Amino acid sequence: MHSTEKAAGKVRDRYAPSPTGLQHIGGVRTALFNYLFARSQGPDGKFLLRLEDTDRTRFDERYVQNLYDTFDWLGFRWDEGPDMGGPAGPYIQSERFELYKTYARELVGKGRAYYCFCSPQRIEEIRKQREAARSGESGYDRHCRTIDSDEAGRRAASGESCAIRLKIPLGETTRFHDRLLGDIEWKNDDVNPDPVLLKSDGFPTYHLANVVDDHLMGITHVMRAQEWIPSTPLHVIMYRSFGWEAPVFCHLPMVMGQDGKKLSKRHGATSIDEFRKQGYLSEALVNYIALLGSSYEEGRDLYSLEELARLFSLDKLNKAPAVFDYKKLEWYNGQYIRMKSDGELAGLILPYALEAGLFGKDGPDEGQKKTFTASMSLIRERLVFPGEAPAKLAYLFAEPPPPPPEEFFPKKAGLAETITLLEKVLPLVSKMALMNDEDAEQYIKDAAETEGVKLGDLMMPLRVAITGARVSPPLFGSLRLLGKDRAVSRVERALEALRGL
Ligand code: GLU
Ligand code: ZN
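Caption draft 1: How the structure looks around the site of ligand 1. Surveying the vicinity of ligand 1 reveals the residues Arg-14, Ala-16, Ser-18, Glu-52, Tyr-206, Asn-210, Arg-224 and Trp-228. One of the side-chain nitrogen or oxygen atoms of Tyr-206 is found 3.1 Å away from an oxygen atom of ligand 1. With respect to ligand 1, the side chain of Arg-224 contributes an N or O atom lying 2.7 Å from an oxygen atom. When the free accessible area of ligand 1 is taken as 290 Å², the share hidden by the protein chains comes to 85%.

So, in structure tokens, the structure goes:
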């Protein structure tokens, strides 16, 4: 394995979401890749979770819960946290605010950052003036950068309200190497001019907390979405200003809809909750998301989380944007449904079946439970979502509503002929209900031949009598599950109805 990572020893990476929204495809792709990369290193890899909740105005506890639920459901586990005594929680930035202050002041001490005493009104004023002048400039005008540092220190110490801003070295170029995209360089003059690190209320900005934490947590690889590339020069400047070694940066390709635009609600579901509610299996989602921007083995589609963790490699990331294909994801769901045992699948479908009132109001009795579990083999092959199952299975638990008479008619046959066909098939039913598929098929084929009718012409009215529809789960299995008495009585009932016309 070509792996500079391995040679270098330990890998520590992290998922660092801001809990300002529900977990969505893009975020989870970042989480998954970091998780897989750490796991791919065996005991030498550690995956950390860090809540970047510095923006308290957009914070919502609900989003934190959603993050935990998503991790639980998808089977991601982080490796360590601040309180190793009990179950380790993730790192939470709002619990570390004092730390960020210390580091911001350290940068001021080094002459790499400075106190800014500008009022919000003044900042707003510059913005307006620049807009009016159409100067093309944006951001802060570096007004306080030239204040004598001793004087600034005294003013700050005396309690004057101030922020701390990073001093971006002017006239220079900042270069960094992206593990996936190669060398990237930005002219410092194009970087956000002297961004705030610590706000006047003592809260850190994203940039400060992010860089300080990545350093303190020993993060070796920062794998994140490409939209963070513009922040990276700033981060690199911060690492240099602190005198710290920067981690390896690896910016992941965009995830787009099929129209080539960034994946969004317009394309369909994007939050993990929505997919879950639609009946996607976590295995299918993990498998599909893992392919958004990476490959594993040639010609292979299906991977478990463990297999992905074994096979993941930074060398197999793609630079090109990934296209999210909802149809493909459905295909994956169908595949994972096929891998479920009868018992597992029944467990997945049960909530939908209860909601659909499949068994009557007291829930399934023992007999119904057995039928329900056994019925999985009838529908598994064509199922995409568990929620589709109850409608397909309803005829096994209650008499199907009588279909319109024409439903019974095989092609080119009328009422009289259909009655005759049903009369021919009736005596076969009780035996077929005791036979396996092969024997039942042979039995009805022989009968068709003896009677001189087409097999399909015997099957169609029987199918409609038994299941209530021309398109249904396999007929022979249905006969077995209904049992001979119920099967026979359905055919008799159908005959009665048709004769009465
Ligand atoms: N808090 C940032 C986010 O919400 C983290 C970006 C990063 O990984 O550095 O995506
Ligand atoms: Zn200022």
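Caption draft 2: View of the packing of aromatic side chains. On inspection of all chains with the given rule, the structure shows 31 aromatic pairs. Ring geometry for Phe-242 and Trp-244: centres 3.9 Å apart, planes at 5°, overall stacked. Residue classification places Phe-242 among the buried positions, given a relative accessible area of 4%. Residues Phe-359 and Phe-372 carry aromatic rings whose centres are separated by 5.3 Å and whose planes lie at 90° to one another, so their mutual orientation is edge-to-face.

Caption draft 3: Inspection of the coordination of the zinc ion (ligand 2) at higher detail. Ligation of the zinc ion (ligand 2) by protein atoms is provided by Cys-116 (SG), Cys-118 (SG), Tyr-140 (OH) and Cys-144 (SG), these donors lying 2.0 to 2.2 Å from the ion. Taken together, the 4 donor atoms coordinating the zinc ion (ligand 2) span angles of 101 to 125° at the metal, a pattern that classifies the geometry as tetrahedral. Each donor residue of the zinc ion (ligand 2) belongs to the same chain, with the gaps between them written as C-x1-C-x21-Y-x3-C. Here the residue Cys-116 occupies a position in strand S4 (residues 113–116), and Tyr-140 occupies one in the loop between helix H5 (120–133) and helix H6 (149–157), the gap between them amounting to 24 residues. We classify Cys-116 as buried; its relative accessible area is 3%. Taking relative accessible area as the criterion, Tyr-140 reaches 4% and is therefore assigned buried.

Caption draft 4: Region of interest: unusual backbone geometry. Backbone geometry places Arg-142, a non-glycine residue, at a positive phi of 60°. Unlike most non-glycine residues, Lys-412 shows phi in positive territory, near 70°. With respect to the element layout, Lys-412 can be found in the loop between helix H15 (389–393) and helix H16 (415–432).

Caption draft 5: Expanded view of helix H18 (residues 455–467). In this model H18 runs 18 Å from its N-terminal to its C-terminal C-alpha over 13 residues, within 8% of the 18 Å that 1.5 Å per residue would give. Taking burial as the measure, the 13 residues of H18 include 10 buried ones, the bulk of the element. Buried within H18 are the following residues: Asp-457, Leu-458, Met-459, Pro-461, Leu-462, Arg-463, Val-464, Ala-465, Ile-466 and Thr-467. Where H18 is buried, its residues contact H16, helix H17 (437–451), helix H19 (475–482) and helix H20 (484–499). Where H18 ends, the next residue or the one after it, Gly-468, has phi of about 85°, a positive value.

Caption draft 6: Geometry of the nonpolar core. Counting 102 residues, the largest nonpolar core has Leu-36, Phe-76 and Phe-372 as its most contacted members. If you tally residues by element for this core, the top one is helix H2 (residues 25–40), at 9 residues. Setting aside chain neighbours within four positions, we find Leu-36 in contact with Ala-290, Tyr-296, Leu-305, Leu-308, Ala-309 and Phe-312. Among the nonpolar cores identified, the runner-up in size contains 38 residues, and Tyr-91, Phe-97, Val-191 and Ile-229 belong to it.

Caption draft 7: The side chain of His-235, seen in detail. Along the chain, His-235 falls in helix H8 (residues 232–242). Using a relative accessible area of 1% as the deciding quantity, one classes His-235 as buried. Within the structure, the side chain of His-235 is placed 3.0 Å from the side chain of His-207, a separation counted as a polar contact. Residues contacting His-235, with those up to four places away along its chain left out, are Tyr-206, His-207, Asn-210, Val-211 and Arg-224.

Caption draft 8: Seen up close, the environment of Gly-81. On the secondary structure map, Gly-81 appears in the loop between helix H3 (61–74) and strand S3 (91–92). Distance from Gly-81 to Ser-375, taken between C-alpha atoms, is 46 Å for residues 294 residues apart in sequence. Sequence-distant contacts of Gly-81, that is, excluding residues within four places in its chain, are made with Ala-88, Gly-89 and Tyr-91.

Cut-offs applied
- Residues numbered from 1 in each chain as written.
- Chains lettered and ligands numbered in written order.
- Predicted model: local features only at pLDDT ≥ 70, side-chain atom pairs only at ≥ 80, totals over all residues.
- Heavy atoms only, no water.
- Near = heavy atom within 4 Å.
- Polar contact = N/O pair within 3.5 Å; in protein donor to acceptor, adjacent residues only side chain to side chain.
- Areas by Shrake-Rupley, 256 points an atom, 1.4 Å probe, with all protein chains shown as cover.
- Phe/Tyr/Trp six-rings, centres within 6.5 Å; stacked < 30°, edge-to-face > 60°.
- Buried < 20%, exposed > 50% of the residue type's maximum accessible area, 1.4 Å probe, protein only.
- Donors = N, O, S within 2.8 Å, 3.2 Å for Na, K, Ca; no water.
- Tetrahedral: all angles 85-135°; square planar, octahedral: opposite > 155°, others 65-115°.
- Helix = DSSP H or I, 4+ residues; strand = E, 2+ residues; numbered from the N terminus.
- Expected span 1.5 Å × (residues − 1).
- Contact = heavy atoms within 4.5 Å.
- Core = buried A, V, L, I, M, F, W, Y, C linked by side-chain atoms within 4.5 Å.

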